[in-house]
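Chains, contacts and geometry: an overview
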Amino acid sequence: AWSDTHYSSATYFDPVDDDVAGNTMVVFQGEVLSLIELLNENQRLNFATPFMFNVDWQSKWFDDRLSVTVGGRYRGDFDRVEQTSAFQTIDGVRYRVYDIVHYDDSIDMNANASVVLVRGDYDVTLDVRVSNLLDRIPNKNATYSSQPWQLGRNAWVGIRMRY
């Protein structure tokens, strides 16, 4: 998938209807403006999706007792307006700083496997799922004091019984 956004009017999108955002002033590229103005501009910037390519491979083995699925996604680089952890003081007033953040291209992979352990009057199946197989941090810039963690690789293991 690939898309590109072009627009002919800065007022094409409806303004964000938020009193808090309208009264909150921030700094973006050295200019003080209301958060609502920035959110409306960001709405246009985020409309397009960078180049994205998804691939899934599924196979069954050993008389369908083992099922393996591997999925991958490539996403091209892109820029997005985001809140940073910085503050700037202008004319004695302290403002939160927003800036354009660049995201490099990335590859994400997931893998799932199901193994039928018992087959008969009842089936017992072991399921294993691994998300973020390559342990990539998708958003290195999104760590703030209120949320200082990132989701890395995670695994889930479960047993199903069907009778």
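Source: prediction; values computed, not measured.

1. Comments concerning the overall build of the protein
Within the protein, the secondary structure is distributed over 2 helices and 9 strands. Across the protein, helices and strands are ordered from the amino to the carboxyl terminus as α-β-β-α-β-β-β-β-β-β-β. Sequence separation of at least 24 residues holds for 53% of the intrachain contacts in the protein that already meet a minimum separation of 6. Approximately 11700 Å² of the protein is accessible, and the part contributed by carbon and sulfur atoms is 52%.

2. Some remarks on the side chain of Thr125
If you trace the backbone, Thr125 turns up in strand S8 (residues 123-131). Excluding anything up to four places from it in sequence, Thr125 contacts Ser114, Val115, Val116, Leu117, Gly158, Ile159 and Arg160.

3. A short note on a negative patch on the surface
On the surface, a cluster of negative charge is made up of Asp77, Asp79, Asp104 and Asp105. Given a relative accessible area of 56%, Asp104 falls into the exposed group.

4. As for the sheet that holds strand S5 (residues 78-90)
On the basis of which strands lie adjacent, the open sheet formed by 4 strands has the order S2-S1-S6-S5 and mixed pairing. Every interior strand has two partners, whereas the edge strands, strand S2 (31-34) and S5, have only one. Neighbour to neighbour, the strand axes of the sheet diverge by 35 degrees on average, direction disregarded. Relative to S2, strand S1 (residues 25-28) runs antiparallel, the two being bridged by 4 bridges. Across the sheet, residue Met25 finds its bridge partner in S2, namely Ser34.

5. Here we look at the nonpolar core
In globular proteins that are soluble, nonpolar side chains generally tend to be buried together. In this structure, Val26, Phe28, Leu33, Leu35, Leu38, Val81 and Tyr98 together form the largest nonpolar core, which totals 7 residues. Breaking this core down by element, the ones donating at least two residues are S1 and helix H2 (35-45).

6. Comments concerning the pattern of salt bridges
Scanning all chains against the criterion turns up 4 salt bridges. Ionic pairing is found between Asp108 and Arg73, a salt bridge with its closest N-O pair at 3.0 Å. On the criterion of sequence distance, the pair formed by Asp108 in strand S7 (residues 106-118) and Arg73 in strand S4 (residues 66-75) is long-range, its members being 35 residues apart.

7. Let's talk about the packing of aromatic side chains
Under the criterion given, the structure shown has 2 aromatic pairs. Measuring from ring centre to ring centre gives 4.9 Å for Phe78 and Tyr103, while their planes differ by 15 degrees; the resulting arrangement is stacked. Of this pair, Phe78 sits in strand S5 while Tyr103 sits in strand S6 (residues 93-103); the two residues are 25 residues apart in sequence, bridging distant segments of the chain. A residue is classified by how much of its surface remains accessible, and Phe78, at 16% relative accessible area, is buried. Tyr103 gets classed as buried once you look at its relative accessible area, which sits at 5%. Seen from the ring of Phe87, Arg94 lies directly overhead, with NZ or CZ sitting 3.8 Å from the centre.

The rules we used
Residues numbered from 1 in each chain as written. Predicted model: local features only at pLDDT ≥ 70, side-chain atom pairs only at ≥ 80, totals over all residues. Heavy atoms only, no water. Helix = DSSP H or I, 4+ residues; strand = E, 2+ residues; numbered from the N terminus. Contact = heavy atoms within 4.5 Å. Areas by Shrake-Rupley, 256 points an atom, 1.4 Å probe, with all protein chains shown as cover. Patch = residues over 30% accessible without salt bridge, like charges linked within 9 Å, V, L, I, M, F, W, Y side chains within 5 Å. Salt bridge = Lys/Arg side-chain N within 4 Å of Asp/Glu carboxyl O. Lys, Arg positive; Asp, Glu negative; His and termini not counted. Charge placed at Lys NZ, Arg CZ, Asp CG, Glu CD. Buried < 20%, exposed > 50% of the residue type's maximum accessible area, 1.4 Å probe, protein only. Pairing = 2+ DSSP bridges. Axes fitted to C-alpha atoms, helices over the stretch in contact; angles between N-to-C directions. Core = buried A, V, L, I, M, F, W, Y, C linked by side-chain atoms within 4.5 Å. Phe/Tyr/Trp six-rings, centres within 6.5 Å; stacked < 30°, edge-to-face > 60°. Lys NZ or Arg CZ within 6 Å of the ring centre and 35° of its normal.

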